[in-house]
Amino acid sequence: MNQAELDLIQNGYLDIEVDPTLDLVEEINKLKKEKNAVILAHYYQDSDIQDIADFVGDSLQLSQEAARTQADMIAFAGVHFMAETAKILSPQKKVVIPDLKAGCSLSDSCPAPLFAKFKEKYPDHIVVSYVNCTAELKTLTDICCTSSNAVHVINSIPKDRKIIFAPDKNLGAYLIKKTGRDMVLWNGACMVHEIFSREKIVKLKHQHPDAKIIAHPECEEPVLELAEYIGSTSGLLKFVQTDPARSFIVATEAGILHQMAKACPNKTFIPAPPNNLCACNECPHMKRNTLEKLYLCLKYEQPEVTLSERVIREARAAIDRMLEISEKAGLK
Ligand code: 13P
Ligand code: SF4
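Here is what the cut-offs are and how they apply
- Residues numbered from 1 in each chain as written.
- Chains lettered and ligands numbered in written order.
- Predicted model: local features only at pLDDT ≥ 70, side-chain atom pairs only at ≥ 80, totals over all residues.
- Heavy atoms only, no water.
- Helix = DSSP H or I, 4+ residues; strand = E, 2+ residues; numbered from the N terminus.
- Buried < 20%, exposed > 50% of the residue type's maximum accessible area, 1.4 Å probe, protein only.
- Polar contact = N/O pair within 3.5 Å; in protein donor to acceptor, adjacent residues only side chain to side chain.
- Contact = heavy atoms within 4.5 Å.
- 1 Å grid on protein atoms, 1.4 Å probe; cavity = no way out; pocket = protein on both sides within 12 Å on 5 of 7 lines; lining within 4 Å.
- Points joined across faces, edges and corners; volume = space filled by probe spheres on them.
- Nonpolar A, V, L, I, M, F, W, Y, C, P; charged D, E, K, R; others polar.
- Pairing = 2+ DSSP bridges.
- Axes fitted to C-alpha atoms, helices over the stretch in contact; angles between N-to-C directions.
- Salt bridge = Lys/Arg side-chain N within 4 Å of Asp/Glu carboxyl O.
- Near = heavy atom within 4 Å.
- Parallel < 35°, antiparallel > 145°, perpendicular 65-115°, else oblique.
- Patch = residues over 30% accessible without salt bridge, like charges linked within 9 Å, V, L, I, M, F, W, Y side chains within 5 Å.
- Areas by Shrake-Rupley, 256 points an atom, 1.4 Å probe, with all protein chains shown as cover.

A. Just the side chain of S232, in detail. Structurally, S232 can be placed in the loop between strand 10 (229-230) and helix 13 (233-242). Under the relative-accessibility criterion, S232 is labelled buried at 4%. One polar contact links S232 to D58, side chain to side chain, over a distance of 3.4 Å. A distance of 3.0 Å separates polar atoms of two side chains, one belonging to S232 and the other to S148. Aside from chain neighbours lying at most four places away, what touches S232 is D58, S147, S148, H216 and P217.

Here you go:
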């Protein structure tokens, strides 16, 4: 095994020193052209990565973009399950990720072998999985959903069908409330969205009485109860642009504030505080990606995200159903 392969296994990225005098933005743009590559970035990425990406979006938009891109290579600045989804939708393309260890606590909370056992207890249930799960879990899924289209996906299922929803219990509880469907929930959660403190948000609201509280549906119910708008990252971004309020308390990963500030430079965005003193409203997985690692992965075309043909075939069916439902509903 050579050093580069060892680095990828140990660190998740190529441990090659990058010349600090290099203009990374210029170099990345050059590499993109040279290799006919496209950079897709999630809203939770650092602002320098969002600014150099060809496309920045939420999970649904990124999967739609991955399906339609004409590029030969996709550099996915997000987390591993998102890059897997891109590979499933564009299997003939090379998909690289700046750091293979950019995982997801929510995805990790639902290992496929355990879920397969769980599913056996409910043989007549249809499985809906939030896209924040492994490709292997998607092979055990009937329909995927994202936070943008979850309500539409649940409503598309005939009323007499029983549903298992995995892996996010908070999004699941929110969907039960919103759709009135009784669902069996897997007990998973996102470490970032579970950290917000209801008490501190209430205090903040007293200090900024005109600020509207907005939240992602991965938050726990006590936080969602305070929210005047609940939506996916793109939903939150659209809301702040159309709502007349001048300030917002934002309960989701802090990376989204970059696009909010860009779209509405005269409005104020206050990140909702976590229940301790750390910077826990930043996703440690998303933040493993850096501009240096993005440059290296484009240059060396590694680390690459690969999947077996079986996983691609079986997982794709669940994602395709989700995309069909989104298209019918006109969701972008
Ligand atoms: P969306 O961008 O689809 O709202 O997802 C949020 C998230 O947690 C992604 O990891
Ligand atoms: Fe996973 Fe939560 Fe990070 Fe999103 S914010 S990637 S759900 S850990």
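B. Up close: the layout of surface pockets. Looking at the largest pocket, its volume works out to about 310 Å³. Along the walls of the largest pocket sit 22 residues, with S147, S148, Y229, G231 and S232 positioned nearest its centre. Elements represented by at least two residues in the lining of the largest pocket include exactly helix 9 (150-155), helix 10 (169-179), strand 10 and helix 13. Split into classes, the residues belonging to the lining of the largest pocket amount to 10 nonpolar, nine polar and three charged. Size it by volume and the second largest pocket reaches roughly 150 Å³. Considering the residues around the second largest pocket, the lining is formed by Q64, A67, R68, D320, L323, E324, E327 and L331. The dominant element in the lining of the second largest pocket, judged by the number of residues it contributes, is helix 16 (residues 309-328), at four residues. Classifying every residue of the lining of the second largest pocket by side-chain character gives three nonpolar, one polar and four charged.

C. How the structure looks around the sheet that holds strand 4 (residues 94-96). Across the sheet, four strands lie side by side as 2-1-3-4; this open sheet has parallel pairing. Two strands lie at the open edges of the sheet, namely strand 2 (55-57) and strand 4, each paired on one side alone. Going from strand to strand, the sheet's axes swing by 20° on average, the running direction of each strand aside. Where strand 1 (residues 37-42) and strand 3 (residues 73-77) come together, five bridges link them in parallel fashion.

D. Spotlight on the pattern of salt bridges. Under the criterion given, the structure shown has 18 salt bridges. Ionic pairing is found between K177 and E221, a salt bridge with its closest N-O pair at 3.1 Å. With a gap of 44 residues between them, K177 in helix 10 and E221 in helix 12 (residues 221-224) connect regions that are remote in the sequence. K287 is paired through a salt bridge with E253; the nearest N and O atoms lie 2.8 Å apart. A residue pair is termed long-range when its members are at least 10 positions apart, and K287 in the loop between strand 12 (268-271) and helix 15 (291-300) and E253 in the loop between strand 11 (247-251) and helix 14 (257-263) qualify at 34 residues. Both residues of the pair, K287 and E253, count as buried. Taken together, the shared-partner salt bridges in this structure form one network comprising K35, K94 and E301.

E. Highlighting the site of ligand 2. Taken together, Y44, V79, C104, S105, N132, C190, V192, E218, C283, H285 and M286 are the residues near ligand 2. Here the residues of the shell around ligand 2 sort into seven nonpolar, three polar and one charged.

F. Structural context of the packing of helix 4 (residues 59-68) against helix 16. Packing of helix 4 against helix 16 leaves a shortest axis separation of 11 Å and a crossing angle of 105°. The orientation of helix 4 relative to helix 16 falls into the category roughly perpendicular. Of helix 16, the residues touching helix 4 (which contributes L60, S63 and Q64) are M322, L323 and S326. Classifying every residue of the contact of helix 4 with helix 16 gives three nonpolar, three polar and no charged.

G. Broad picture of a nonpolar patch on the surface. Where nonpolar side chains cluster on the molecular surface, the patch consists of M1, L6 and I9 and spans about 330 Å² of accessible area. Within the element layout of this structure, I9 appears in helix 1 (residues 3-10). I9 gets classed as exposed once you look at its relative accessible area, which sits at 55%.

H. A look at empty space enclosed by the protein. All chains considered together, the criterion is met by two cavities of 30 Å³ or more. Estimates place the volume of the largest cavity at around 210 Å³. Contributing to the lining of the largest cavity are 26 residues, with Y44, N132, H193, E218 and M286 lying nearest its centre. Those elements that provide at least two residues to the lining of the largest cavity are helix 5 (80-89) and helix 6 (105-108). What the second largest cavity holds in volume is close to 70 Å³. Taken together, S59, L62, S63, F76, F81, M82, T85, A86 and V131 make up the full set of residues lining the second largest cavity. Mapped onto the lining of the second largest cavity, the elements with two or more residues apiece are helix 4 and helix 5. Considering every element that reaches the lining of the second largest cavity, the biggest residue donor is helix 5, with four residues.

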